[in-house]
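As a plain string of letters, each chain reads:
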Amino acid sequence: MKIKKVLLRTSFFTIVFVFLATFITGGEQSDQVQTLLGVSSFIFGIFLAFYTANSHGRFNDVMKGLRIDSGILKFIYLSSKLFPEQVQERIKTLIDNYLIEQLDYFLYDFDKSQKQLDDLFEYILFLKPETKEQQTAYDNMIDEMNEATKNRKQVESNVTAHLSIFEWSILIVLLVIILFCLFYINDSTIISILLTTMLSTASAIMLLTLYDLDSLRWQEQYRIWDPLQRLFREMNLLPYYPDAAIASGRIRPLKGKVRIAHYPNKYPDMSGKEIEETEI
(Lines give C-alpha, C1' and ligand atoms only; values in the text may rest on other atoms or scores of the structure.)
Protein backbone atom coordinates (compact mmCIF):
# COMPACT_ATOMS: atom_id res chain seq x y z
CA MET A 1 0.00 0.00 0.00
CA LYS A 2 1.26 3.49 -0.81
CA ILE A 3 2.49 5.59 2.13
CA LYS A 4 0.33 8.45 0.86
CA LYS A 5 -2.77 6.25 0.99
CA VAL A 6 -1.97 5.13 4.55
CA LEU A 7 -1.44 8.71 5.69
CA LEU A 8 -4.69 9.85 4.08
CA ARG A 9 -6.65 7.09 5.76
CA THR A 10 -5.02 7.72 9.13
CA SER A 11 -5.56 11.47 8.88
CA PHE A 12 -9.20 11.04 7.89
CA PHE A 13 -10.06 8.70 10.77
CA THR A 14 -8.01 10.72 13.26
CA ILE A 15 -9.92 13.89 12.41
CA VAL A 16 -13.28 12.12 12.55
CA PHE A 17 -12.61 10.39 15.86
CA VAL A 18 -11.05 13.48 17.47
CA PHE A 19 -14.19 15.42 16.57
CA LEU A 20 -16.47 12.69 17.94
CA ALA A 21 -14.43 12.19 21.11
CA THR A 22 -14.39 15.93 21.77
CA PHE A 23 -18.11 16.56 21.39
CA ILE A 24 -19.58 13.22 22.48
CA THR A 25 -19.58 12.83 26.25
CA GLY A 26 -19.93 9.30 27.53
CA GLY A 27 -22.16 8.04 30.29
CA GLU A 28 -21.18 7.10 33.79
CA GLN A 29 -18.29 4.73 34.28
CA SER A 30 -19.69 1.22 34.11
CA ASP A 31 -17.97 -2.04 34.96
CA GLN A 32 -20.36 -3.76 32.58
CA VAL A 33 -19.31 -1.56 29.64
CA GLN A 34 -15.63 -2.00 30.47
CA THR A 35 -16.10 -5.77 30.62
CA LEU A 36 -17.95 -5.68 27.30
CA LEU A 37 -15.10 -3.63 25.81
CA GLY A 38 -12.52 -6.13 27.01
CA VAL A 39 -14.44 -9.16 25.73
CA SER A 40 -15.31 -7.65 22.35
CA SER A 41 -11.72 -6.39 21.88
CA PHE A 42 -10.36 -9.85 22.66
CA ILE A 43 -12.71 -11.59 20.22
CA PHE A 44 -12.15 -8.90 17.57
CA GLY A 45 -8.38 -9.34 17.90
CA ILE A 46 -8.60 -13.13 17.52
CA PHE A 47 -10.83 -12.99 14.45
CA LEU A 48 -8.86 -10.15 12.88
CA ALA A 49 -5.53 -11.93 13.39
CA PHE A 50 -6.93 -15.19 11.99
CA TYR A 51 -8.52 -13.60 8.93
CA THR A 52 -5.50 -11.39 8.28
CA ALA A 53 -3.11 -14.37 8.40
CA ASN A 54 -5.33 -16.34 6.02
CA SER A 55 -5.79 -13.40 3.66
CA HIS A 56 -2.07 -12.63 3.67
CA GLY A 57 -1.25 -16.24 2.84
CA ARG A 58 -3.83 -16.23 0.03
CA PHE A 59 -2.50 -12.91 -1.25
CA ASN A 60 1.07 -14.26 -1.36
CA ASP A 61 -0.10 -17.41 -3.16
CA VAL A 62 -1.85 -15.31 -5.80
CA MET A 63 1.20 -13.07 -6.27
CA LYS A 64 3.45 -16.14 -6.54
CA GLY A 65 1.14 -17.63 -9.16
CA LEU A 66 1.15 -14.41 -11.18
CA ARG A 67 4.95 -14.23 -11.10
CA ILE A 68 5.17 -17.86 -12.26
CA ASP A 69 2.79 -16.98 -15.08
CA SER A 70 4.92 -13.97 -16.07
CA GLY A 71 8.10 -16.05 -15.96
CA ILE A 72 6.59 -18.67 -18.26
CA LEU A 73 5.47 -16.02 -20.75
CA LYS A 74 8.95 -14.47 -20.76
CA PHE A 75 10.46 -17.92 -21.38
CA ILE A 76 8.05 -18.59 -24.26
CA TYR A 77 8.86 -15.21 -25.78
CA LEU A 78 12.63 -15.77 -25.61
CA SER A 79 12.37 -19.37 -26.88
CA SER A 80 10.37 -18.21 -29.89
CA LYS A 81 13.46 -16.38 -31.16
CA LEU A 82 14.77 -19.75 -32.39
CA PHE A 83 11.87 -19.88 -34.85
CA PRO A 84 11.22 -17.81 -38.01
CA GLU A 85 10.28 -14.16 -37.57
CA GLN A 86 6.59 -14.68 -38.38
CA VAL A 87 6.38 -17.27 -35.59
CA GLN A 88 8.09 -14.89 -33.16
CA GLU A 89 5.66 -12.09 -33.99
CA ARG A 90 2.63 -14.35 -33.74
CA ILE A 91 3.69 -15.66 -30.33
CA LYS A 92 4.40 -12.12 -29.09
CA THR A 93 0.96 -11.01 -30.27
CA LEU A 94 -0.75 -13.94 -28.54
CA ILE A 95 1.14 -13.21 -25.30
CA ASP A 96 0.16 -9.55 -25.59
CA ASN A 97 -3.51 -10.51 -26.09
CA TYR A 98 -3.33 -12.76 -23.04
CA LEU A 99 -1.88 -10.05 -20.79
CA ILE A 100 -4.34 -7.46 -22.07
CA GLU A 101 -7.28 -9.74 -21.34
CA GLN A 102 -6.01 -10.24 -17.78
CA LEU A 103 -5.72 -6.49 -17.21
CA ASP A 104 -9.15 -5.72 -18.64
CA TYR A 105 -10.76 -7.67 -15.81
CA PHE A 106 -10.42 -7.54 -12.04
CA LEU A 107 -8.37 -10.28 -10.45
CA TYR A 108 -11.45 -12.08 -9.14
CA ASP A 109 -12.41 -12.56 -12.83
CA PHE A 110 -9.04 -14.08 -13.69
CA ASP A 111 -10.77 -17.05 -15.35
CA LYS A 112 -12.01 -14.80 -18.17
CA SER A 113 -8.54 -14.77 -19.77
CA GLN A 114 -8.41 -18.57 -20.13
CA LYS A 115 -9.28 -18.50 -23.84
CA GLN A 116 -6.26 -16.33 -24.68
CA LEU A 117 -3.94 -18.78 -22.94
CA ASP A 118 -5.58 -21.64 -24.83
CA ASP A 119 -4.99 -19.78 -28.11
CA LEU A 120 -1.29 -19.44 -27.26
CA PHE A 121 -1.04 -23.09 -26.25
CA GLU A 122 -2.74 -24.31 -29.44
CA TYR A 123 -0.49 -22.20 -31.65
CA ILE A 124 2.65 -23.54 -29.97
CA LEU A 125 1.29 -27.08 -30.03
CA PHE A 126 1.04 -27.10 -33.82
CA LEU A 127 4.46 -25.62 -34.52
CA LYS A 128 6.71 -27.66 -36.81
CA PRO A 129 10.30 -27.64 -35.49
CA GLU A 130 12.86 -27.93 -38.30
CA THR A 131 16.16 -27.96 -36.41
CA LYS A 132 17.48 -29.63 -33.28
CA GLU A 133 17.48 -26.29 -31.44
CA GLN A 134 13.89 -25.64 -32.45
CA GLN A 135 12.87 -29.11 -31.31
CA THR A 136 14.46 -28.56 -27.89
CA ALA A 137 12.81 -25.15 -27.59
CA TYR A 138 9.47 -26.64 -28.70
CA ASP A 139 9.63 -29.40 -26.08
CA ASN A 140 10.48 -26.90 -23.36
CA MET A 141 7.68 -24.56 -24.44
CA ILE A 142 5.14 -27.38 -24.30
CA ASP A 143 6.34 -28.26 -20.78
CA GLU A 144 6.06 -24.63 -19.69
CA MET A 145 2.57 -24.28 -21.17
CA ASN A 146 1.50 -27.37 -19.25
CA GLU A 147 2.82 -25.72 -16.10
CA ALA A 148 1.04 -22.46 -16.98
CA THR A 149 -2.27 -24.28 -17.36
CA LYS A 150 -1.96 -25.92 -13.94
CA ASN A 151 -0.73 -22.70 -12.35
CA ARG A 152 -3.73 -20.79 -13.72
CA LYS A 153 -6.17 -23.15 -12.02
CA GLN A 154 -4.44 -22.58 -8.70
CA VAL A 155 -4.60 -18.80 -9.15
CA GLU A 156 -8.28 -18.98 -10.17
CA SER A 157 -9.04 -20.92 -7.00
CA ASN A 158 -7.17 -18.47 -4.76
CA VAL A 159 -8.59 -15.24 -6.20
CA THR A 160 -12.15 -16.33 -5.40
CA ALA A 161 -11.42 -17.54 -1.85
CA HIS A 162 -12.23 -14.21 -0.22
CA LEU A 163 -13.96 -13.56 3.10
CA SER A 164 -17.69 -14.16 3.13
CA ILE A 165 -20.35 -11.57 4.02
CA PHE A 166 -20.90 -13.48 7.26
CA GLU A 167 -17.23 -13.15 8.25
CA TRP A 168 -17.20 -9.43 7.43
CA SER A 169 -20.39 -8.98 9.43
CA ILE A 170 -18.76 -10.50 12.52
CA LEU A 171 -15.81 -8.10 12.31
CA ILE A 172 -17.95 -5.03 11.66
CA VAL A 173 -20.36 -5.80 14.53
CA LEU A 174 -17.44 -6.31 16.91
CA LEU A 175 -15.83 -3.06 15.75
CA VAL A 176 -19.09 -1.16 16.31
CA ILE A 177 -19.32 -2.58 19.85
CA ILE A 178 -15.71 -1.58 20.56
CA LEU A 179 -16.26 1.97 19.27
CA PHE A 180 -19.47 2.31 21.27
CA CYS A 181 -17.73 1.21 24.47
CA LEU A 182 -14.75 3.49 23.86
CA PHE A 183 -16.93 6.54 23.40
CA TYR A 184 -19.20 5.53 26.28
CA ILE A 185 -16.32 5.52 28.76
CA ASN A 186 -14.79 8.68 27.27
CA ASP A 187 -14.93 11.44 29.93
CA SER A 188 -13.78 14.24 27.57
CA THR A 189 -10.42 14.76 29.29
CA ILE A 190 -7.38 15.25 27.07
CA ILE A 191 -6.01 11.79 27.91
CA SER A 192 -9.36 10.14 27.33
CA ILE A 193 -9.88 11.91 23.97
CA LEU A 194 -6.34 11.00 22.87
CA LEU A 195 -6.65 7.32 23.81
CA THR A 196 -10.14 6.99 22.35
CA THR A 197 -9.00 8.54 19.08
CA MET A 198 -5.88 6.37 18.76
CA LEU A 199 -7.67 3.11 19.60
CA SER A 200 -10.59 3.88 17.29
CA THR A 201 -8.30 4.92 14.42
CA ALA A 202 -6.07 1.85 14.83
CA SER A 203 -9.09 -0.50 14.83
CA ALA A 204 -10.57 1.07 11.68
CA ILE A 205 -7.23 1.08 9.84
CA MET A 206 -6.62 -2.59 10.67
CA LEU A 207 -10.03 -3.52 9.26
CA LEU A 208 -9.36 -1.55 6.06
CA THR A 209 -5.96 -3.22 5.73
CA LEU A 210 -7.68 -6.59 5.91
CA TYR A 211 -10.06 -5.39 3.18
CA ASP A 212 -7.09 -4.48 0.94
CA LEU A 213 -5.59 -7.92 1.47
CA ASP A 214 -8.89 -9.70 0.88
CA SER A 215 -9.59 -7.72 -2.31
CA LEU A 216 -5.98 -8.30 -3.50
CA ARG A 217 -5.19 -4.57 -3.59
CA TRP A 218 -2.51 -4.61 -0.91
CA GLN A 219 0.73 -3.17 -2.35
CA GLU A 220 -0.96 -3.37 -5.76
CA GLN A 221 1.50 -1.03 -7.46
CA TYR A 222 4.59 -2.95 -6.40
CA ARG A 223 3.31 -6.53 -6.43
CA ILE A 224 1.12 -6.47 -9.56
CA TRP A 225 1.53 -3.45 -11.80
CA ASP A 226 5.30 -2.85 -11.67
CA PRO A 227 6.20 -6.47 -12.65
CA LEU A 228 3.65 -6.40 -15.50
CA GLN A 229 4.95 -3.06 -16.76
CA ARG A 230 8.49 -4.47 -16.83
CA LEU A 231 7.28 -7.62 -18.62
CA PHE A 232 5.68 -5.57 -21.40
CA ARG A 233 8.86 -3.55 -21.88
CA GLU A 234 11.08 -6.68 -21.82
CA MET A 235 9.05 -8.10 -24.72
CA ASN A 236 9.22 -4.82 -26.68
CA LEU A 237 5.54 -4.12 -26.06
CA LEU A 238 3.94 -0.91 -24.85
CA PRO A 239 2.68 -1.10 -21.23
CA TYR A 240 -1.11 -1.39 -21.06
CA TYR A 241 -3.41 0.25 -18.52
CA PRO A 242 -7.18 0.40 -17.95
CA ASP A 243 -8.20 4.06 -17.76
CA ALA A 244 -10.22 3.57 -14.56
CA ALA A 245 -7.19 2.20 -12.71
CA ILE A 246 -5.20 5.34 -13.55
CA ALA A 247 -8.07 7.72 -12.79
CA SER A 248 -8.68 6.15 -9.37
CA GLY A 249 -4.99 6.43 -8.44
CA ARG A 250 -4.59 2.66 -8.05
CA ILE A 251 -1.59 2.61 -10.38
CA ARG A 252 1.25 4.90 -11.36
CA PRO A 253 2.07 4.44 -15.08
CA LEU A 254 5.59 4.28 -16.43
CA LYS A 255 6.98 7.32 -18.14
CA GLY A 256 7.09 7.10 -21.91
CA LYS A 257 4.76 5.72 -24.56
CA VAL A 258 1.96 3.54 -23.20
CA ARG A 259 -1.42 2.12 -24.16
CA ILE A 260 -4.55 3.16 -22.26
CA ALA A 261 -7.82 1.28 -22.65
CA HIS A 262 -11.14 3.14 -22.56
CA TYR A 263 -14.34 1.24 -21.84
CA PRO A 264 -17.62 2.83 -22.94
CA ASN A 265 -19.77 0.17 -21.27
CA LYS A 266 -20.22 -0.89 -17.67
CA TYR A 267 -17.91 -3.62 -16.35
CA PRO A 268 -17.64 -6.47 -17.33
CA ASP A 269 -18.92 -5.56 -20.82
CA MET A 270 -15.76 -5.02 -22.91
CA SER A 271 -17.53 -4.37 -26.20
CA GLY A 272 -16.54 -1.13 -27.88
CA LYS A 273 -13.24 -0.91 -26.01
CA GLU A 274 -10.78 1.55 -27.51
CA ILE A 275 -7.01 1.49 -26.98
CA GLU A 276 -5.16 4.80 -27.13
CA GLU A 277 -1.40 5.10 -27.53
CA THR A 278 -0.13 8.13 -25.68
CA GLU A 279 2.99 9.63 -24.14
CA ILE A 280 3.20 10.03 -20.36
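Up top is the structure.
Quick look at the structure, then.

**With respect to the overall build of the protein**
So, step 1. Per the secondary structure count, the protein includes nine helices and three strands.
So, step 2. Ordering the α and β elements of the protein from the N terminus gives α-α-α-α-α-α-α-α-β-α-β-β.
So, step 3. Computed over its C-alpha atoms, the radius of gyration of the protein comes to 25 Å, more than 25% above the 19 Å expected for a compact globule of 280 residues.
So, step 4. For the protein, buried positions account for 42% of its 280 residues.
So, step 5. A fraction of 69% describes how many contacts in the protein between residues 6 or more apart in sequence connect residues 24 or more apart.
So, step 6. For the protein, the exposed surface amounts to about 15,300 Å²; the carbon and sulfur share of it is 62%.

**A short note on the side chain of T196**
So, step 1. Along the chain, T196 falls in helix α7 (residues 190–214).
So, step 2. At 2.7 Å, the side chain of T196 and the backbone oxygen of S192 are in polar contact.
So, step 3. In contact with T196, not counting residues within four places along its chain, are A21, L182, F183 and N186.

**Section: the environment of G65**
So, step 1. Note that G65 resides in helix α2 (residues 31–79).
So, step 2. Excluding residues within four positions of it along the chain, G65 makes contact with N151 and V155.

**Some thoughts on the side chain of Q229**
So, step 1. Note that Q229 resides in helix α8 (residues 220–234).
So, step 2. The class of Q229 is buried, set by a relative accessible area of 3%.
So, step 3. In contact with Q229, not counting residues within four places along its chain, are Q221, P239, Y241, R252, P253 and L254.

**Some words on the packing of aromatic side chains**
So, step 1. Taken as a whole and assessed by the stated rule, the structure comprises 12 aromatic pairs.
So, step 2. Between F12 and F13, the aromatic rings sit 5.3 Å apart at their centres with planes inclined by 75°, giving edge-to-face as the arrangement.
So, step 3. On the basis of relative accessible area, F12 is assigned to the exposed category, the value being 52%.
So, step 4. Ring geometry for Y105 against Y267: centres 6.0 Å apart, planes inclined by 70°, an arrangement best described as edge-to-face.

**Some thoughts on the pattern of salt bridges**
So, step 1. For the structure shown, the criterion picks out 11 salt bridges.
So, step 2. Two residues, D214 and R58, come together in a salt bridge whose shortest N-O distance is 3.7 Å. Of this pair, D214 sits in helix α7 while R58 sits in helix α2; the two residues are 156 residues apart in sequence, bridging distant segments of the chain.
So, step 3. Its relative accessible area of 8% is what places D214 among the buried residues.
So, step 4. Residues joined by salt bridges that share partners form a network here, namely R152, K153 and E156.

Parameters and conventions
- Note that residues are indexed from 1 along each chain, following the sequence as it is written.
- Where local features are concerned, this predicted model is filtered to residues with pLDDT of at least 70; where side-chain atom pairs are given and counted, the filter is 80 or more; whole-chain, interface and lining totals use all residues.
- Side-chain descriptors were evaluated using all non-hydrogen atoms of the structure, hydrogens and water having been removed beforehand.
- For the purposes of this entry, the term helix denotes a DSSP run of H or I that reaches at least four residues, the term strand denotes a run of E that reaches at least two, and both are numbered from the N terminus.
- Atoms considered for the radius of gyration are the C-alpha atoms alone. The globule rule reads 2.2 Å times the number of residues to the power 0.38.
- Using a 1.4 Å probe on the protein chains alone, a residue whose accessible area is under 20% of its type maximum counts as buried, one over 50% counts as exposed, and one in between counts as partly exposed.
- Any two residues whose heavy atoms approach within 4.5 Å are treated as being in contact.
- Only the protein chains shown count as cover for residues, and all accessible areas are computed by the Shrake-Rupley method using a 1.4 Å probe.
- Side-chain atoms alone can form a polar contact between residues adjacent in sequence; in general such a contact is a pair of N or O atoms within 3.5 Å, and within protein one must be able to donate a hydrogen while the other accepts it.
- Classification of ring pairs uses Phe, Tyr and Trp, with its six-membered ring standing for Trp, and accepts pairs whose centres are within 6.5 Å; under 30 degrees between planes counts as stacked, over 60 as edge-to-face, and the remaining range as tilted.
- The term salt bridge refers to a side-chain nitrogen of Lys or Arg lying within 4 Å of a carboxyl oxygen of Asp or Glu.

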